Amino acid sequence: MDETQRQTLLGAIAISSGAVGVGSVTPQQRADAFANLEQFKAYPGRVAACVEMIGGSVLQIAGASGAPVDVTVPSKLYALGIIQDFLKTGYSGLSEADRGQLRASILTAARQLAAPVDGAQAAKMSDSTRILAVKIASLLADLALREFPQRWQTFVSDLFSPVSRGGIWCEAGADAGASTAGVKICLECFKLITEDCTDSDYNARISTTRRNDILLGMNEMSKQILPPLFELLSKQYGDVNNAKSTLVAMKQYLASNGRTVAQMAPDEQAQYQLQVDRRDAAGGIVADVLGTLEKFCQSMPIDWMFKVEDGIDFVAALLHLLQEDTANSQVLSVGCLYQLSMRKLDQHQWLRLIQAIPPALYEANNAAAQRASERGVDPNSVDMLVEQLDFHRSLSKMGSTLISAHLANITSDKEISSGVGPKFEAVSTYLRLLSEMMSHPSGVICGEQINTWVGLLRDPAIVRTTVLSPHLERVLTAYMNHIVQVRWEDVWEQDHPYASLIEASWDDDDEYNDWLGNVRSKSSQLFRSIGSSEPEIAAKAVHSKIRTLLNAHCNGEPRDQMNPENNELTAKSTACLQFEGASQPLDNILHGLPSWALDNGSYDQKRTTIRANIRPLLSEIANMIVSWSPNDTWLKFRRTTLLEALKHYWKHDPTTLPTGVDGLLVYLSATDNPPKARLSEDVVGLRKKAGVSLVAVSKVVPNLLVPWLSQLSDRAKGLLTSGGLSPINEMHLYEFLSCVATAVENPVDRANFVADVLSNSIRSLEAPEIQTSIQSVEGLLSFTGITQAATNPGCVTDHDFVKKVTKDFSSLFSSLNQLLSVGKRCHEAAKKRPNGGLPVQALSPTVDENASNFPDEGSVGINDLAINDPFVPLWPKLLPTLLQVLDVTLQVWHPECQASLLRNSIQRYAIAVSDEELYLAAKKESSGVGGVFGKGGTAGSIVSGVDRRQMNLAPRWAGWFNELRNNCFQLLGLLCAQRVMFAPEIAPLFPRLVSIITNPEHLRSMENRHFTQYLKQFVEVMLLTCPITLYQSHLTAILGPVFEHLQLRFQYSWGPIIGTGGLSSDAAKPLQTVNCAEAANQLASVGAESWLVAYYARCGVFVGDLDDSVAGEAMVDKARVDLTRTFSDMLQSVLALKGGWALVLANKAKDEQAKKDPYKLMSGPKSRISDGKGPTNADGTKRTIAQLHLDARRMLRIDKLCHFLLLENEQVAGFLVLTIIQCLEYPDAYTCRRCARLVHRVLETVAWVERYTELLGHRLFSIAVKAIITEPKWMVGIEWELINIIRDINCRLVLGQYLLPGGQGPGLQQPKDPSNSMRFEQTKVVDKPLLGGGILVAPSDFPRRILMEIGMSQNDVVELEKKLAEKRSAKDQKDILRDVLRVAADKTKGQNGVLERADEAESLLHQNARKPEVAALPEKLVTYSMLKKKQEPKEDEPDGAWHGGIF
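Because the structure is a prediction, the values reported are computed rather than measured.

Asker: Can you explain the overall build of the chain? Please cite residues and give values.
Answerer: Scanning the chain from terminus to terminus reveals 64 helices and eight strands. At 39 Å, the chain has a C-alpha radius of gyration in line with the 35 Å of a compact globule built from 1447 residues. Over its C-alpha atoms, taken along the principal directions, the chain stretches across nearly 105 × 95 × 90 Å. When burial is assessed residue by residue, the chain has 53% of its 1447 residues classed as buried. In the chain, of all internal contacts separated by at least 6 residues, the share reaching a separation of at least 24 is 74%. Of the side-chain charges in the chain, 148 are positive and 164 negative, and the distance between the mean point of each set is 4 Å.

Asker: Please provide a residue-by-residue account of the environment of Trp-1054, values included.
Answerer: By the element assignment, Trp-1054 lies in helix H51 (residues 1031–1058). Each C-alpha atom of the pair Trp-1054 and Arg-1378 lies 28 Å from the other, and the pair is 324 residues apart in sequence. Among residues more than four places away in sequence, those in contact with Trp-1054 are Arg-1120, Val-1121, Thr-1124, Tyr-1226, Pro-1227 and Asp-1228.

Asker: So what's going on with the environment of Trp-960? Residues and values would help.
Answerer: On the secondary structure map, Trp-960 appears in helix H47 (residues 954–977). Along the primary structure Trp-960 and Leu-1135 are separated by 175 residues, whereas in three dimensions their C-alpha atoms are 35 Å apart. If we skip the residues at most four places from it in the chain, Trp-960 touches Thr-784, Val-805, Thr-806, Phe-809 and Leu-953.

Asker: Kindly report on unusual backbone geometry, identifying the contributing residues and their values.
Answerer: With omega at -5°, the peptide bond leading from Phe-148 into Pro-149 counts as cis. Position of Pro-149 relative to the elements: it lies in the loop between helix H6 (127–147) and helix H7 (155–160). Note that the residue after Asn-673, namely Pro-674, is joined by a cis bond; omega there is 0°. Mapping Pro-674 onto the fold places it in the loop between helix H32 (657–668) and helix H33 (681–700). One non-glycine residue, Gln-561, lies in the positive phi region at around 50°. Tracing the backbone through its elements, the reader meets Gln-561 in the loop between helix H27 (535–553) and strand E3 (562–563). Residue Gln-561 is classed as partly exposed on the basis of its relative accessible area of 36%. Even without a glycine there, the phi angle at Asn-567 is positive, about 55°. Inspection of the secondary structure assignment puts Asn-567 in the loop between E3 and strand E4 (568–569). Overall, the relative accessible area of 56% leaves Asn-567 in the exposed class.

Asker: Go over the pattern of salt bridges, please, and point to the residues and values.
Answerer: All told, the structure shown has 63 salt bridges when counted by the stated rule. Two residues, Asp-587 and Lys-647, come together in a salt bridge whose shortest N-O distance is 3.2 Å. Here Asp-587, found in helix H28 (residues 574–592), pairs with Lys-647, found in helix H31 (residues 647–650); they are 60 residues apart in sequence, far enough to count as distant. Taking the relative accessible area as the measure of exposure, Lys-647 reaches 9% and is therefore buried. Here Arg-1197 makes a salt bridge to Glu-857, at a shortest N to O gap of 2.6 Å. Taken as a pair, Arg-1197 in helix H56 (residues 1185–1208) and Glu-857 in the loop between helix H42 (799–831) and helix H43 (862–865) lie far apart in primary sequence, 340 residues in all. In terms of burial, Arg-1197 and Glu-857 fall into one category: buried. If you follow the salt bridges from partner to partner, you end up with Arg-99, Arg-103, Glu-147, Arg-151 and Glu-1419 in one network.

Asker: I'd like a description of the side chain of Ser-396, backed by residues and values.
Answerer: Looking at where Ser-396 falls in the secondary structure, it is placed in helix H17 (residues 389–404). Beyond its immediate chain neighbours, meaning those up to four positions away, Ser-396 contacts Met-437, Ile-445, Glu-448 and Gln-449.

Asker: An account of the pairing of strand E8 (residues 1316–1320) is needed here, citing residue identities and associated values.
Answerer: Two elements, strand E7 (residues 1312–1313) and E8, share two bridges in a ladder whose sense is antiparallel. Residue pairing in the sheet places Lys-1312 in a bridge with Phe-1320 of E8. Following E7, the chain reverses through two residues before pairing antiparallel with E8.

Asker: Provide a residue-level description of the pairing of strand E6 (residues 1304–1309), including the pertinent values.
Answerer: On any regular strand, side chains alternate: one points to one face of the sheet, the next to the other face. With three bridges joining them, strand E5 (residues 1297–1300) and E6 adopt antiparallel strand pairing. Counterpart to Leu-1300 in the pairing with E6 is Gln-1304. Linkage of E5 to E6, two consecutive antiparallel strands, is achieved through a turn of three residues, within which Gly-1302 is found at a positive phi near 80°.

Asker: Before we move on, could you go through the nonpolar core and cite the residues and values that matter?
Answerer: Of all hydrophobic cores here, the largest spans 434 residues; its most connected members are Phe-296, Phe-871, Tyr-1014, Phe-1127 and Leu-1205. Per-element accounting of this core gives the leading share, twelve residues, to H47. Not counting residues up to four positions away in its chain, the partners in contact with Phe-296 are Phe-190, Thr-194, Met-218, Ile-225, Leu-226, Leu-229, Trp-304, Met-305 and Arg-343. With five residues, the next largest nonpolar core counts Leu-247, Leu-254, Met-264 and Tyr-272 among its residues.

Asker: Please provide a residue-by-residue account of a nonpolar patch on the surface, values included.
Answerer: Taken together, the side chains of Leu-216, Val-1422, Met-1426 and Leu-1427 define a hydrophobic patch exposed on the protein surface, amounting to about 320 Å² of accessible area. Relative to the elements of secondary structure, Val-1422 occurs in the loop between helix H63 (1370–1387) and helix H64 (1424–1431). We classify Val-1422 as exposed; its relative accessible area is 52%.

Asker: Tell me about the packing of H6 against helix H8 (residues 181–198), and name the residues and values.
Answerer: Contact geometry for H6 and H8: axes closest at 8 Å, N-to-C directions at 45°. As the angle between them shows, H6 and H8 are arranged oblique. The chirality of how H6 crosses H8 is right-handed. From H6, Thr-129, Arg-130, Ala-133, Val-134, Ile-136, Ala-137, Ser-138, Leu-140, Ala-141, Ala-144 and Leu-145 reach across to H8, where they touch Ala-181, Lys-184, Ile-185, Glu-188, Cys-189, Leu-192, Ile-193, Asp-196 and Cys-197. In the contact of H6 with H8, the residues fall into 14 nonpolar, two polar and four charged.

Asker: Help me get a handle on the packing of aromatic side chains, residues and values and all.
Answerer: One pass over the structure, following the stated rule, counts 28 aromatic pairs. Between Trp-634 and Phe-637, the aromatic rings sit 5.1 Å apart at their centres with planes inclined by 50°, giving tilted as the arrangement. You can see Trp-634 and its partner Phe-637 sitting in helix H30 (residues 633–645), three residues apart, about one turn around the helix. Residue class for Trp-634 comes out buried when judged on its relative accessible area of 17%. Taking relative accessible area as the criterion, Phe-637 reaches 17% and is therefore assigned buried. When the ring of Phe-809 is compared with that of Trp-960, the centres are 4.6 Å apart and the planes differ by 15°; the resulting orientation is stacked. With Phe-809 in helix H42 and Trp-960 in helix H47, this pair connects stretches of sequence that are 151 residues apart. Pair check on accessibility: Phe-809 and Trp-960 agree, each one buried. Aromatic ring contacts, followed pair by pair, group Phe-148, Trp-152, Phe-155, Phe-160, Trp-169 and Phe-190 into a single cluster.

Definitions and limits used
- Residues numbered from 1 in each chain as written.
- Predicted model: local features only at pLDDT ≥ 70, side-chain atom pairs only at ≥ 80, totals over all residues.
- Heavy atoms only, no water.
- Helix = DSSP H or I, 4+ residues; strand = E, 2+ residues; numbered from the N terminus.
- Rg over C-alpha atoms; globule rule 2.2 N^0.38 Å.
- Buried < 20%, exposed > 50% of the residue type's maximum accessible area, 1.4 Å probe, protein only.
- Contact = heavy atoms within 4.5 Å.
- Lys, Arg positive; Asp, Glu negative; His and termini not counted.
- Charge placed at Lys NZ, Arg CZ, Asp CG, Glu CD.
- Salt bridge = Lys/Arg side-chain N within 4 Å of Asp/Glu carboxyl O.
- Pairing = 2+ DSSP bridges.
- Core = buried A, V, L, I, M, F, W, Y, C linked by side-chain atoms within 4.5 Å.
- Patch = residues over 30% accessible without salt bridge, like charges linked within 9 Å, V, L, I, M, F, W, Y side chains within 5 Å.
- Areas by Shrake-Rupley, 256 points an atom, 1.4 Å probe, with all protein chains shown as cover.
- Axes fitted to C-alpha atoms, helices over the stretch in contact; angles between N-to-C directions.
- Parallel < 35°, antiparallel > 145°, perpendicular 65-115°, else oblique.
- Left-handed = near helix turned anticlockwise from the far one by under 90°.
- Nonpolar A, V, L, I, M, F, W, Y, C, P; charged D, E, K, R; others polar.
- Phe/Tyr/Trp six-rings, centres within 6.5 Å; stacked < 30°, edge-to-face > 60°.

That is the geometry; function is a separate question.
Written out as structure tokens, the structure reads:
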């Protein structure tokens, strides 16, 4: 490059960087400059030119006026960038000489920058120098990653030698500033190298071998790296202190003369500024050193920091720097200690920090107080707390991590566990420091420690010691104080005493609320754990809290934030916030108290004493809450939460229970003061909370409420007949009574009471107006006001008509909902009975695991079922009405009815989605409270501008139909769960039930969202609860039509997405108001069959007036995906791949392990702490006798149901397997991953059946192969699952190998049939899919044909099978298949499909083909330590026996 080209390049750099004035450059000149710079990047001699540029000390061009313009910095930055890009592409092709020359040139540029500077500029490093230093450091790091240590053995000395000796390190004793630019380069360079070689992501940029070589080289050279760093740190820290001392002396001198800093003379001001610059420059170097040390602490050998040698002690330095606030040094020091605390420290290293941190913090606190006094500020002022918040927060995080990451060091040390000795004192002092730190006014300090305290309290070995006891009172008090919500308005208006501190702790109220929710969630476990481990401390603390609150705020004092309408407190009043914060600790502490602290059992003296101290405190708490009688609605609400918390105490002392329950019943009928025509939201909320609390109490202590059952029943009837209860309160009352009723011992009395409780609901359903309305679609539409809207559109907004229709519908829905709610409560209570809900009188202590059936595994009468479940006798009366409601509701969606409704401008909204469904689909995040009605909510989107809270029927219809339909499905599921569906008394109704739930018109007309609930709420429950003897009689008639329809629905729903079925992607858009009339008219023109194809393509979704196309498409996507996911989840549950049945198999495997290790029977998963008492399930829960009997029956169902679904009925099996196979090609990773597991279960069960061979060997195999070789982007991350399917098919259908369940383990080869060499012998477990299943004895050619269709030759296929036969481990076989499929995938590249293709960085097939940017060097690394280790003589083996003759 000649001088003219060089000047042109420099001019272009000057223009693009702004070195030339903006006003003097035309747009054309700027465009030409950018073009020249881009062209230069392709210039063959660019590297040599850049090397020349960075070697120059000064780079100038002639300005417009002829004066030279300095472009040294921008030109060198540009040149360094060009070289850095070249390193990624062409560096590996350079010769050794060229590489050396390039290194030398960059080092030269670094030395020029690091050269000592004299004069006024020496005290401060310019911004341009700093930027250039960072760029050079980045380039040196890139070179070191490619060369060090094999090819660049002088790297460390080149950097850490002083400039005078050819390096770039500063001279000994050099002051910070411009002369330490080389130090900046070195520190940044080593920081980048450490990051790249030890980052946790382990990206593909650097090969593993190269990383290891660099780290070995750095460790070998550590004695040349660490001493200069420590010396620099010591020197610069000393300079910081000297400068600060000088500044203090200057201020004192000025003060003695009655002057301030602002009144200094010019020469004094210059001297003062010089010291400020020295302090800041030295502090900046200290911060840079700490930044590099943080990376060393994080990833390099721990001895680098902990080893004390030749006066070098980095840990001591870091602890000392906790005193220094200049350049944020104390926070950076804590950052280094935090990285060390997360490492695996040995006992000695950990104890060193534990012992050293408290005194170091004491000194740091004194230093901070000294600085505050020098400034004339109170050390404990809010301003100082704000100033030190980052330090305190990082300190709390580091300090807690040092404990939580090393709990084993506490539990394994006998001295600490014993509670005496210096180690125990050190740990106790440290924990005292942490607990005292939580008295900080900012909650973020507490928040950083909560995981540590929870972890300590969850470890039984630590809880048994006395390590924690002295500190738990402070911990408990701190968290009880900080979970009280801060009123953010006080922060905004600066009325809060710590307003500025709170503003510094959280950005806004949203962040604070997120933090508060997180801390409250975690503190629940903390409160329970403290209550369990230290009940006396917990009881005293919560007693003090409740007593203090009632004394200070029982009447709402200080009565702030009042509601001007009624002069009552609001939710934001101080008293309400304080009581809200007290309910959670009270509830969790009472929940956590051990039984021995409250019951009347006989215990040792210590426990007896504790119990004697606790009982009076808790009794006083209960009496204080029960006797408290506030007048304000919000105080009543808070009292309700406190009463609910007492349910755990009432289990042991029910003295105040009747009064407490009476108070909750009173609140069910609470009214406004003064009364209003319509209840306020506050009173409605109080009523709801009272109802929820009643149910919660009745769940915990139902047996204690039985003696008052008649009084409670009378009270409930009085409330129900008063007419003042809302439907939800009525439901709460029914649930409350049903929970109490389940505790009645006599089954007949229990059933009679439940029937009496629900008599109103049954009578409502039998009322003539409801029975008339459910006899036809027309009657239901008229009942809900839809028919009237056609002739009188104004009626949907008529106040009286809306109230009447709403009341009528509420009567129907509330009755069904109350029945459902009570039925669920009774069913749950039945499962908790000693017999586990089984219709047998008594359970034997043992179970016959080899039994082929059980007496109750069949049709059981209602009278027998009613022994456990009092709700069961109601079904014969309820079921006919339920079936009629479901039938008529589903008819509304028949095509002809839909078409009629869609044509009307108001009626059409009856079949639209609701605002709530749209909100969930669009995943709208409200910035405040309110959900669908809040900011960002979707209320008023479906019916434009109108939502269901307004007096308008149109937006209510969609929600009504959803509630009615889902309620019916859930009741049918309850019918199955309670086994009434299989009872002989229901046999006359069973044909009617089947005719409705499998009606072809109903199945075809349901939207995807309806069908999702149908599968989830009914079909899955039916499959899991049907006795094995009734599969043919009860399941066949239902499953056949359902699976057949699902196969068709999936095909058309996913067709527009995967480009099949001839439908465009526009067909997947939802139906809207603007085109709904057109869709209605198409039914007559194209017929129902074609109309349904388009209906399935949009998943049946109609979004009304919605004008947000993204939200509408999200609604369709959710409906489509939810259905396939529900289908796959349902099948996983019934094939024992998830849920309760999977737990049965896990328990069985656990029992097999327990035969060798009995402890396994008592232990749970590692994620749960087990007490080791009694048998435990695989999920950590306790195993009961009832569960053993239930599991034995489930085990039979697991075997029989799988066989029934896949082998006993062709219609059921055919469409089921075909649908599972189809799901593998739908672009949803969730569904695909779960269907892959289902496919393995199918192969294990039916691979040996010849009539499945074409379906599995051709259809399934081709879909799996296509999914892999087309590499769709959505499949990234699940490719191995598909490859494992290909392997499973090949093994079972071609190679004569079978696998362990789930396609796991090696291929287990079956021998050839002695009588026919073309066939294999069948496995011995062919009829036991849970043990591996069978194989196809006559190998199939279908998989071979597929492989040949993707480009493999016959010889290739033979060679593939040979390899798979020789290497049978799972990894080897999958790797072999991946290599084969990669070749096929490469041939399909460039073929555009509907779905986006994964690139090579994401593709599993090309994983091994990817090469790191920085490859390993061919030279083998040999270090001095390695040679020394080889030269050391090996110790001779001792003579004689290993025991030395001591025996």
